[in-house]
Amino acid sequence: MDSHSRMVQFLKVLLPLAAIVLLSTVFLLSRSIETNVTVPFTQRDIEERLADQVVTLPNYRGTTRKGEEVQIEATKATQGTKNSVPTASDFKGRLGLSDGGVITLDSNSGMIRPDKNTAIFVGDVVIITTDGIKVTTDLLNTALDEIRGDTPGQVDGTGIIGNFSAGRMTFGTEKKDGPVHIIFTDGVKLVYEPEKAER
């Protein structure tokens, strides 16, 4: 038997033995697997989410028929049951107008009804526009397929000419492709502040 054949025979024995040694070393030196992993939810949180079918950080994004952006998000939302409607907490919205303006909406809670193309903001509702108007109210109904909304109750606000209040507020376009207007009705009261108007 020549030296080449002896080398081949030797390697046939050596290489499998080396593989076994390496595998043994991997298992011996590997770290133990952590089986007690902590979850960022308590058992009660998990049970509530399973019972109420809670969705964390829901986010709705869409565009109107004119291409304007509608974004609505919340901290968490529940699907609701046969005795309760679906609701979301920390309900926030952003309406991007075609002229570059923005209306931001913020409330304690709310709900989206895609079947009716509506979103409802409830509790400590704050409406802010990029042209300096800030309005607060208790309830705001908005559309999802166009920039449109209304408050069935009283609103209080501030603007570039002073502070005001009204029994009702609506916003939307008067013409099909016209600009968005905010209209206050039902007993409008304005405290005119000239220094604000001059700025």
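Residues numbered from 1 in each chain as written. Predicted model: local features only at pLDDT ≥ 70, side-chain atom pairs only at ≥ 80, totals over all residues. Heavy atoms only, no water.

With respect to the environment of T136
What counts, and what does not: Note on conventions: DSSP H or I runs of at least 4 residues are helices, E runs of at least 2 residues are strands, and numbering of each starts at the N terminus. Partly exposed residues are those whose accessible area sits between 20% and 50% of the maximum for their type, while under 20% is buried and over 50% is exposed, using a 1.4 Å probe and protein chains only. Any pair of residues with heavy atoms lying within 4.5 Å of one another is described as a contacting pair.
Mapped onto the elements, T136 comes out in strand β8 (residues 134-143). Assessed through its relative accessible area of 32%, T136 is described here as partly exposed. Separated by 29 residues in the primary sequence, T136 and S165 place their C-alpha atoms 9.5 Å from one another. Non-local contacts of T136, meaning those with residues more than four positions away in its chain, are made with V125, V126, Q154, V155 and D156.

Let's talk about the packing of aromatic side chains
Note the following rule: Pairs were defined over the aromatic rings of Phe, Tyr and Trp, the Trp ring being its six-membered one, requiring ring centres within 6.5 Å. Orientation was assigned from the angle between planes: stacked under 30 degrees, edge-to-face over 60, tilted for the rest.
Enumeration over the complete set of coordinates arrives at two aromatic pairs. Ring centres of F91 and F121 lie 4.8 Å apart, and the angle between their planes is 55°; on these two criteria the pair is classed as tilted. Here F91, found in strand β5 (residues 87-96), pairs with F121, found in strand β7 (residues 118-129); they are 30 residues apart in sequence, far enough to count as distant. As far as burial versus exposure is concerned, F91 and F121 are alike and both buried.

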